[in-house]
Amino acid sequence: MRTSRRNFLRTGALAAATLPFVVPSWGTRAPRKELFKISLAQWSLHRSIFDGKIDNLDFASIAAENGILGLEYVNQFFKDKAEDTDYLNEMKKRADDLDATSILIMCDGEGNLGDPDDALRRESVERHFKWVTAAKHLGCHSIRVNGYSKGSYEEQMKLVADGMHQLCEFGEQHGLHIIIENHGGYSSNGKWLADTIKMADHPRAGTLPDFGNFRIDQETTYDSYRGVEELMPYATGVSVKTTVFDDNGNNLPLDYERMTRIVLDAGYNGYFGIEHGPKDREVEGILEVKAALEAVHETLMAEMEE
C-alpha cells in the first residue's frame with residue numbers, strides 16, 4: 001500500500017524551490033535516488049479557512065504556489081458537499097489543472113467507528129460511505145478516519161476493528177483504503193493501533209502515522225519514534241508535525257532525520273504530508289517544514305552517493 005501518480009515542475013522560483021521527485025507506480029518503490037514526496041494537509045491552513053480568508057476551492061492553488069503538489073483534504077471544509085457532484089468536479093478540475101495529486105480526505109464528525117452500540121457503530125460506518133465515494137471522485141487513494149470507542153483497552157480494539165472491517169468492505173468496492181490516524185485516546189498508543197489494524201483483518205485497512213499526535217490523554221503520552229515505527233508497516237501516508245512526544249509527557253522538537261529514516265526503513269516511498277500552520281504565519285510555517293524535509297532528503301541522497 002504505497003502512494004503514486006504524477007510529478008509537476010513549475011517554472012522560475014517555484015521550480016527551484018521544489019525537489020524533482022519522480023512518482024512511482026502504485027505498489028512499487030521509487031528509484032532509490034527519489035526517496036519521498038511532499039504533500040500538504042489542508043489543516044495547516046485551518047485558521048485562514050475558518051476565518052473566511054481562504055476558500056476550500058483555493059487549496060490546490062495555494063499548495064501549488066508554494067511548491068507542493070500533493071493534496072490532503074479535510075472534510076470539515078466541504079462538509080455539505082460530499083455528494084455535490086458539481087462541487088467535487090470543480091475541486092478535481094482545480095487540482096488537475098495544476099497537475100496536482102489528490103491523496104486523501106481526513107474525515108471527522110461522522111460518529112465513532114468503535115461505538116459499543118451495534119446500531120450506532122453501523123450508523124457511523126454508513127455515514128463514512130459518502131466520503132469514500134467523494135474521495136474516489138477526486139482521485140484519492142484513502143480516507144482517514146478516527147479509531148474512537150469506549151471501554152477497556154481490549155474492548156475498544158475489538159469494536160474499532162469491527163467498524164473498520166465493515167467500512168473497508170465498502171472501501172474495497174471503490175478501490176479506496178481506510179486509514180486510522182493516531183488521534184487521541186488509545187489510537188495514540190502505537191501498539192494498540194497496530195494491533196487493531198491487524199485485528200480488522202482487511203487489506204484495505206491501514207494507518208496514517210502522525211509524528212506529533214501521540215498524546216493519549218492529559219497525563220499519558222507515547223514515544224513518537226516508537227509509535228511511528230510500529231505503525232509504518234500499515235501506512236499509506238505520514239503526517240509531519242514539528243514536535244514529538246516521549247513516554248514521560250515531554251514535547252520535543254522533531255528530529256527530522258531520525259524520523260525520516262524510520263519511515264524510509266519501513267519501505268515507504270510515498271508522501272510526507274505537512275500538517276503545520278502556526279497562528280498568523282501559516283504559509284511561513286509550511287515552507288519551513290518543507291525546507292527541513294528537503295534538507296533531509298538532500299542529506300540522505302548525498303549519503304547514498306558516497
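Residues numbered from 1 in each chain as written. Predicted model: local features only at pLDDT ≥ 70, side-chain atom pairs only at ≥ 80, totals over all residues. Heavy atoms only, no water.

## Looking at the pattern of salt bridges
Close approach of charged atoms allows side chains with opposite charge to pair.
Phase 1: Tallied over the entire structure, the rule returns 23 salt bridges.
Phase 2: The salt bridge involving E126 is made with R122; its shortest N-O contact spans 3.0 Å. Placement of both E126 and R122 in helix α5 (residues 118-127) is noted, with a separation of four residues, approximately one turn of the helix.
Phase 3: Close ionic contact of E275 with K241 constitutes a salt bridge, the shortest N to O distance being 3.1 Å. Note that E275 is positioned in the loop between β10 (271-274) and α11 (282-305) and K241 in the loop between β7 (238-240) and β8 (243-245), a separation of 34 residues in sequence. You'll find E275 and K241 in the same group, each marked buried.
Phase 4: Salt bridges here are not isolated pairs; linked through shared partners, they connect K79, E110, E123, R127 and K130. (Salt bridge = Lys/Arg side-chain N within 4 Å of Asp/Glu carboxyl O. Helix = DSSP H or I, 4+ residues; strand = E, 2+ residues; numbered from the N terminus. Buried < 20%, exposed > 50% of the residue type's maximum accessible area, 1.4 Å probe, protein only.)

## Details of the sheet that holds β7
Phase 1: With parallel pairing, the eight strands of this open sheet are ordered in space as β6-β5-β4-β3-β2-β1-β10-β7. Each edge of the sheet is formed by a strand with only one pairing partner; in this case those strands are β6 (205-208) and β7. Neighbour-to-neighbour, the strand axes of this sheet turn through a mean angle of 30°, independent of strand direction.
Phase 2: Both strand β1 (residues 37-41) and strand β2 (residues 70-74) contribute to a ladder of two bridges, which runs parallel. Residue pairing across strands places A41 opposite E72, the latter belonging to β2.
Phase 3: Of the strands in this sheet, β2, β3 (101-106), β4 (142-145) and β5 (177-181) are in contact with helix α6 (residues 129-138), which crosses β3 at around 170°. (Pairing = 2+ DSSP bridges. Axes fitted to C-alpha atoms, helices over the stretch in contact; angles between N-to-C directions. Contact = heavy atoms within 4.5 Å.)

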